[in-house]
Amino acid sequence: MAKTMPRVQLAAAGGEAVREDLSASPLAVRGLTVSYGNKPAVFSIDATFRAEAMTAIIGPNGAGKSTLLKAALGIVPRLSGRVTVFGEALDKARGRIAYVPQRASVDWDFPTRVVDVVIMGMQRELGLLRLVRPAHRKRAFECLERVGMVDFADRQIGQLSGGQQQRVFLARALAQNADIYLLDEPFAGVDAATEKAIIDVLKALKADGRSVVCVHHDLATVADYFDDAFFINVRKIAEGRIASIFNAETLQATYGGRLASTHIDQLRLA
Amino acid sequence: MNNFLAALTLGAGYNSALVAIGATCLGVAAGVGGTFLFLRKRALVSDAVAHSTLPGVGLAFIIMVMLGGEGRSLAGLLLGSAASAFVGLLAVSWITERTRLAEDAAIGAVLSVFFGVGVVLLTVIQTMSSGRQAGLESFLLGSTAGMLFSDAVVIAVGGAATALATVLMRRPMTIVAFDPDYARSIGIDVPRIDLLMMALVMAVTVIGLKIVGLILIVAMLIIPPVAARFWTDRSSNVIWIAGLIGGSSGFVGSAISASAPALPTGPIVVLVCAAIFFVSLLAAPDRGVLAAVLRHRAFQRRVHRRQGLLALSRGEPIHDVMTLRVLSGEGLIRADGVATETGRSAAARAARDERRWDVARSLYQDTSLPGRYDGLTAIDTVLTRDEIAAIDREIGGPAALDIKGAS
Ligand SMILES: Nc1ncnc2c1ncn2[C@@H]1O[C@H](COP(=O)(O)OP(=O)(O)OP(=O)(O)O)[C@@H](O)[C@H]1O
Ligand SMILES: [Mg+2]
């Protein structure tokens, strides 16, 4: 008896023997560890994001929020762990998941126009051989319209302000027509009007039955914008409905007391 | 000159025609294949790859001689060069990934070691008794003197295949070059695309050994896309413009070298390519240096004109020398600085435009209009006549009527 115990646990940790049914979750990770050197950036994360919900990923700088998203998308290699999209392996469900990077580290002098960047979002359906047709172009313009960037369609991508670039990358993700959208700090460095425009787009996605996961820093707006929250600081701190977990205790645990209590008091907490 | 014209029409002899066809195909392939090298900012890696071909050439020669052959089969030599270029490429990526050395250090190390080994091998081959005089040094800078029909076919077919493969893979390669993280997120295998890109570059290098040689091939890969970039803001256009520039450099360069006995083909082709680059740098619309200077001048004039007119309308003295020059140049002020008749009405128009903008900005606060104010754009190019009429009503009073009379 005592001898068999550990073996069962190991099997469960590997997710082989006891497979949970994750098909309801648009994105779930189990036992995810990523490290850039010898120090884990995220350690043994379990996360189950809820379908048709907007989830905020919350944590201090360097907590591993971007790393969590990148590892979930296979952009950085996983040391261990499993990622499922609607219960399927990531590679089978690539088409259902779209990503907006944090202030994309791209070459802004690259010879590409705004509309071309949006069309990059259709690469999976275009494949190698299909040509870009007027219908694709029209859809690209529709995506730009949704983020209010139609007037800039013919600009070279570097000739935009930071907030405008951010909206173009959102339009590129919209062009993927995915079921789950992962956004890394879409509101960083954008003005109030742009923030409103972006949140409207995200809410429209949710209303359309898609799921949205956002890395988010502004604690003051969390309760307004999101349904769920995922608190992380290398390890998972808490996850669930805003109403039940967005409280002073979770925030203290996440930010390790670096958040002044006066600041916490001002927030609309659960 | 006659020789040159004859060469341009492929009429300067059999060998020259072969060289012209080969150089053109090579130029197109290099321009197209080099585009992604340039976009991915990996030009120097291709230099390492090119220099890594040399040991392969030497080893292939030695092996062919040992097998009893003559050792000079172009296909055999190219195969050898491709193999050692591949090893060089692997060495660069291995050093970059597995050690803490940056890519430029890896490139320097691989380039010099492989080139050194190659030179040693060539020296050994020269002292070898078996085999005829190899003439392998010609791979350094290319040599088209004894080009055979089969050589031209190898180059043409290889070049066409490379260019086709590049065009086929253009979209994933563009996405990888622009935003590799995003490429991964949509399931593109970035290392594999990078490897493929380098394989295409390797193919261009290998087929270019005969004509341009391994030292200058990097120029044929990089100069065409860099020049093409001046003419367009779209990567899909860069591809074909680069192909065009590469192809015409190959064609014109080989014609020039055929028109005089002592002109080496490879270097001349590269020089023609460089000439096209300089023309692009200077003369390209929009991104060219001349266009930029002219545009800046025109812009500067508009700014000074507008500032001067607004100063006139407020009756302020103008001190800026350039402003005075612009205004008097257009007959808006007299030599003593007093506004002429046209100057006064232009100043009134400028002042009215400014007033209209002021009103429009508060009227259309929630639109993109306030962002379009730059002090230069006339408001009637942005708003409709009716909207302006509404603004004028807002401004109201006899002043508006008065100014209307002036315009
Ligand atoms: N490419 C990298 N190489 C080495 N270490 C990295 C790399 N990227 C991130 N890290 C480290 O991993 C940890 C997590 O980084 P990550 O970017 O995921 O943080 P984050 O929560 O997104 O922070 P921020 O709020 O600043 O965006 C940090 O300690 C960071 O220093
Ligand atoms: Mg981050």
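Keep in mind it's a predicted model, so treat the numbers as computed, not measured.

**Student:** What am I meant to see in the packing of aromatic side chains here?
**Tutor:** Between two aromatic rings, the relevant description is the distance of the centres plus the angle of the planes. Residue and element names in this part refer to chain A. Taken as a whole and judged by the stated rule, the model has 10 aromatic pairs over all chains. Between F49 and F230 the ring centres are 5.8 Å apart and the planes differ by 45°, which places this aromatic pair in the tilted class. Separated by 181 residues along the polypeptide, F49 in strand β2 (residues 40-49) and F230 in strand β9 (residues 228-233) bring together distant segments of the chain. We classify F230 as buried; its relative accessible area is 0%.

**Student:** Can you help me understand the nonpolar core in this one?
**Tutor:** Within the largest apolar cluster, 122 residues are counted, with the highest numbers of intra-cluster contacts made by I58 and L202 of chain A. In this structure, L27, V42, V76 and Y99 of chain A belong to the second largest nonpolar core, which totals 29 residues.

**Student:** Just to check I follow, could you spell out the site of ligand 1 for this structure?
**Tutor:** Residues and elements named next belong to chain A. N61, G62, K65, S66 and T67 are the nearest of the 13 residues found near ligand 1. Between an oxygen atom of ligand 1 and a main-chain N or O atom of G64, the distance comes to 2.9 Å. Note that an oxygen atom of ligand 1 is positioned 2.4 Å from one of the side-chain N or O atoms of T67. Protein chains shield 58% of the accessible area of ligand 1, which is 630 Å² for the free molecule. Ranked by the residues each element gives to the shell around ligand 1, the list is headed by helix α2 (residues 65-72), at 3 residues. Of the residues in the shell around ligand 1, the class split is 4 nonpolar, 7 polar and 2 charged.

**Student:** Any chance you could explain the coordination of the magnesium ion (ligand 2) here in plain terms?
**Tutor:** Four donors placed tetrahedrally about a metal ideally form angles of 109.5 degrees, and six donors placed octahedrally ideally form angles of 90 or 180 degrees. Residue and element names in this part refer to chain A. Around the magnesium ion (ligand 2), the protein contributes the donor atoms S66 (OG) and Q102 (OE1), at 1.9 to 2.4 Å from the metal centre. You can see S66 sitting in helix α2 and its partner Q102 sitting in the loop between β6 (97-100) and α3 (114-120), a full 36 residues away along the chain. Residue classification places S66 among the buried residues on the basis of a relative accessible area of 16%. Q102 sits in the partly exposed class, given a relative accessible area of 35%.

**Student:** Help me understand unusual backbone geometry in this model?
**Tutor:** Glycine aside, negative phi is the norm for most residues, and most peptide bonds take the trans geometry. Residue and element names in this part refer to chain A. We note that N177 has phi near 50°; this positive angle belongs to a residue other than glycine. Along the polypeptide, N177 turns up in the loop between α6 (162-175) and β7 (180-184). Located in the positive-phi region is V234, a residue other than glycine, with phi close to 65°. Within the secondary structure layout, V234 lies in the loop between β9 and β10 (235-241). The class for V234 is partly exposed, based on a relative accessible area of 23%.

**Student:** Is there a simple way to think about the interface of chain B and chain A in this case?
**Tutor:** Accessible area lost upon the coming together of the parts serves often as the stated size of an interface. Each partner contributes to the interface: chain B provides 25 residues, whereas chain A provides 34 residues. Taking both partners together, chain B and chain A bury about 2600 Å²; carbon and sulfur atoms supply 58% of that area. The largest share of the area that chain B buries against chain A comes from R171, F178 and Y182 of chain B, three residues that together contribute 30% of it. Residues R172 of chain A and D179 of chain B are paired through a salt bridge, measuring 3.0 Å at the closest nitrogen-oxygen approach. Summed over the shared surface of chain B and chain A, the number is 12 residue pairs in polar contact (both at pLDDT 80 or more). Among the secondary structure elements, those contributing two or more residues to the side of chain B that touches chain A are α9 (170-178), α10 (180-185) and α13 (235-258) of chain B. Considering every element that reaches the side of chain B that touches chain A, the biggest residue donor is α9 of chain B, with 7 residues. Residues of the side of chain B that touches chain A, tallied by class, amount to 11 nonpolar, 4 polar and 10 charged.

**Student:** Is there a simple way to explain the environment of N3 of chain B in this structure?
**Tutor:** All names here are of chain B. Summarising the element assignment, N3 is placed in helix α1 (residues 2-8). Judged by its relative accessible area of 45%, N3 falls in the partly exposed class. For the pair N3 and I256, spaced 253 residues apart in sequence, the C-alpha to C-alpha distance is 8.5 Å. Residues in contact with N3, not counting those within four places in the same chain, are A12 and S259.

Definitions and limits used
- Residues numbered from 1 in each chain as written.
- Chains lettered and ligands numbered in written order.
- Predicted model: local features only at pLDDT ≥ 70, side-chain atom pairs only at ≥ 80, totals over all residues.
- Heavy atoms only, no water.
- Phe/Tyr/Trp six-rings, centres within 6.5 Å; stacked < 30°, edge-to-face > 60°.
- Helix = DSSP H or I, 4+ residues; strand = E, 2+ residues; numbered from the N terminus.
- Buried < 20%, exposed > 50% of the residue type's maximum accessible area, 1.4 Å probe, protein only.
- Core = buried A, V, L, I, M, F, W, Y, C linked by side-chain atoms within 4.5 Å.
- Near = heavy atom within 4 Å.
- Polar contact = N/O pair within 3.5 Å; in protein donor to acceptor, adjacent residues only side chain to side chain.
- Areas by Shrake-Rupley, 256 points an atom, 1.4 Å probe, with all protein chains shown as cover.
- Nonpolar A, V, L, I, M, F, W, Y, C, P; charged D, E, K, R; others polar.
- Donors = N, O, S within 2.8 Å, 3.2 Å for Na, K, Ca; no water.
- Contact = heavy atoms within 4.5 Å.
- Buried area = accessible area lost by both parts, 1.4 Å probe.
- Salt bridge = Lys/Arg side-chain N within 4 Å of Asp/Glu carboxyl O.

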